[in-house]
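So you can see what is in the structure, the chains are spelled out below.
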Amino acid sequence: MASRTNRKKRGGRQPLVRWLVWIGLAALVCTSVLLWMNRHRLFRTEAHVDSAIYPVRGIDVSSHNGNIDFTLLSADSIRFVIIKASEGVSLHDKKFRKNYRDAVKSGMKVGAYHFFRKGSDGEAQARNFLSVLKGTHLDMPLVIDVEDWGNDRGVSDEKAKENLLAMVSYLNERGLASMIYTNGDGYRKYYMDALNQLPLWLCSFKNPETLVSTGHVIQQYSHWGSVDGISGEVDLNVFMGSEEAWNEWINNNQQDL
């Protein structure tokens, strides 16, 4: 009797094991299909930019983009680059100086950005930003990158806004113009009411002509761009205006740090 009972128990496990194997195989197939679809950009959205209306293209980069050939970028009609300089109260992007020198040498217009940490003191973040930028010449306002993705958790919107305003005020008191980078959520939470006097660099995958009411100066319209001079994907940007408007904006926003 005991041996029969054991056989029955072993026999009862077999269907369960088979189901688990099938579930595992199905999960593996689904994962493979999703990865294939992502690789072929079937889940990715990006704006269509009419170069006749918006002729000035640019990119933004950081150390994550690896080694960059700015000569090739310039030859690929990339007119400007915004380079990560710093983050929070102490982090310095390790490739900022090299990227800055190479971009200037290539003849591109250059800006710099700081990744804003919502839970860190705004003045301390401004000092960190300026410490990296010392001795540079920039062609646009200093960019403060404000986004929730990858940022401090558990920080209230009110506290984040307090720190952000402190950072902007610190720069302004020193005669330095600043600019906000954010997406749709950040636009509503941080920019629209408290900071709308500053120029805006907006991340949106909608066509630029449908977003003119936001008044943004630059639009980041893709995270998955491909350009000569960079191995891998890169963020693509466009100036929201004509060639003449671009030249005027650049001429009005020169800054020596």
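The preceding data block contains the structure.
First things first, this report covers the structure right here in the doc. (Residues numbered from 1 in each chain as written. Predicted model: local features only at pLDDT ≥ 70, side-chain atom pairs only at ≥ 80, totals over all residues. Heavy atoms only, no water.)

Let us look at the packing of aromatic side chains. Considering all chains together, one arrives at nine aromatic pairs under this definition. Ring centres of Tyr113 and Trp201 lie 6.5 Å apart, and the angle between their planes is 80°; on these two criteria the pair is classed as edge-to-face. Highlighted residues: Tyr113 in strand β4 (residues 109-115) and Trp201 in strand β8 (residues 200-203), separated in sequence by 88 residues. Overall, the relative accessible area of 2% leaves Trp201 in the buried class. Consider the rings of Phe205 and Trp224, whose centres lie 5.5 Å apart with planes at 45°: the pair is tilted. One end of the pair, Phe205, is in the loop between β8 and β9 (218-225); the other, Trp224, is in strand β9, and 19 residues separate them in sequence. Assessed through its relative accessible area of 26%, Phe205 is described here as partly exposed. Classification of Trp224 as buried rests on a relative accessible area of 18%. (Phe/Tyr/Trp six-rings, centres within 6.5 Å; stacked < 30°, edge-to-face > 60°. Helix = DSSP H or I, 4+ residues; strand = E, 2+ residues; numbered from the N terminus. Buried < 20%, exposed > 50% of the residue type's maximum accessible area, 1.4 Å probe, protein only.)

As for its placement among the helices and strands, Asn163 is situated in helix α5 (residues 157-173). Asn163 has contacts with Phe116, Lys118, Gly119, Ser120, Asp121 and Gly122, leaving out every residue within four places of it along the chain. (Contact = heavy atoms within 4.5 Å.)

Further remarks concern the pattern of salt bridges. Taken as a whole and assessed by the stated rule, the structure comprises eleven salt bridges. The residue Lys98 makes a salt bridge to Asp102 at a minimum N-O spacing of 2.7 Å. A residue pair is termed a helical-turn pair when its members lie 3 or 4 positions apart in one helix, as Lys98 and Asp102 do in helix α3 (residues 96-106) at four residues. Classification of Lys98 by relative accessible area gives partly exposed; the value is 40%. Two residues, Lys118 and Asp148, come together in a salt bridge whose shortest N-O distance is 3.0 Å. Of this pair, Lys118 sits in the loop between β4 and α4 (122-133) while Asp148 sits in the loop between β6 (142-145) and α5, and the two are 30 residues apart along the sequence. Among the residues examined, Lys118 registers a relative accessible area of 7% and is labelled buried. Counted as one network, the salt bridges with shared partners bring together Lys118, Asp148, Asp157 and Lys189. (Salt bridge = Lys/Arg side-chain N within 4 Å of Asp/Glu carboxyl O.)

Glancing now at the layout of surface pockets. Of the volumes computed, that of the largest pocket is approximately 540 Å³. Contributing to the lining of the largest pocket are 21 residues, with Asp60, Tyr113, Glu147, His223 and Asp235 lying nearest its centre. Secondary-structure elements contributing two or more residues to the lining of the largest pocket are β1 (57-61), β4, β7 (178-182), β8, β9 and β10 (234-239). Here the residues of the lining of the largest pocket sort into eight nonpolar, seven polar and six charged. (1 Å grid on protein atoms, 1.4 Å probe; cavity = no way out; pocket = protein on both sides within 12 Å on 5 of 7 lines; lining within 4 Å. Points joined across faces, edges and corners; volume = space filled by probe spheres on them. Nonpolar A, V, L, I, M, F, W, Y, C, P; charged D, E, K, R; others polar.)

The subject of this paragraph is the nonpolar core. Membership of the largest hydrophobic core comes to 51 residues, with the highest contact counts inside it found for Ile59, Leu73, Val81, Ile144 and Leu164. No other element matches the six residues that α5 contributes to this core. In contact with Ile59, other than residues within four places in its own chain, are Leu73, Ile78, Phe80, Val81, Ile82, Ile230, Val234, Asp235, Leu236 and Asn237. Core analysis: the second largest hydrophobic core is formed by 16 residues, Tyr181, Cys203, Ile218 and Ile250 among them. (Core = buried A, V, L, I, M, F, W, Y, C linked by side-chain atoms within 4.5 Å.)

Turning next to the pairing of β8. The alternating pattern of β8 places Leu200 and Leu202 on one face and Trp201 and Cys203 on the opposite face, and all of these are buried. Looking at chain direction, β7 and β8 are connected through three bridges and run parallel. Residue pairing in the sheet places Thr182 in a bridge with Leu202 of β8. Between the parallel pair β7 and β8, the chain is carried across by helix α6 (residues 184-191), and the sense of this crossover is right-handed. Bridge analysis of β8 against β9 gives three bridges, and the strand direction is parallel. Among the inter-strand pairings, Trp201 is bridged to a residue of β9, identified as Ile218. (Pairing = 2+ DSSP bridges. Right-handed = clockwise from strand over helix to strand, strands pointing away.)

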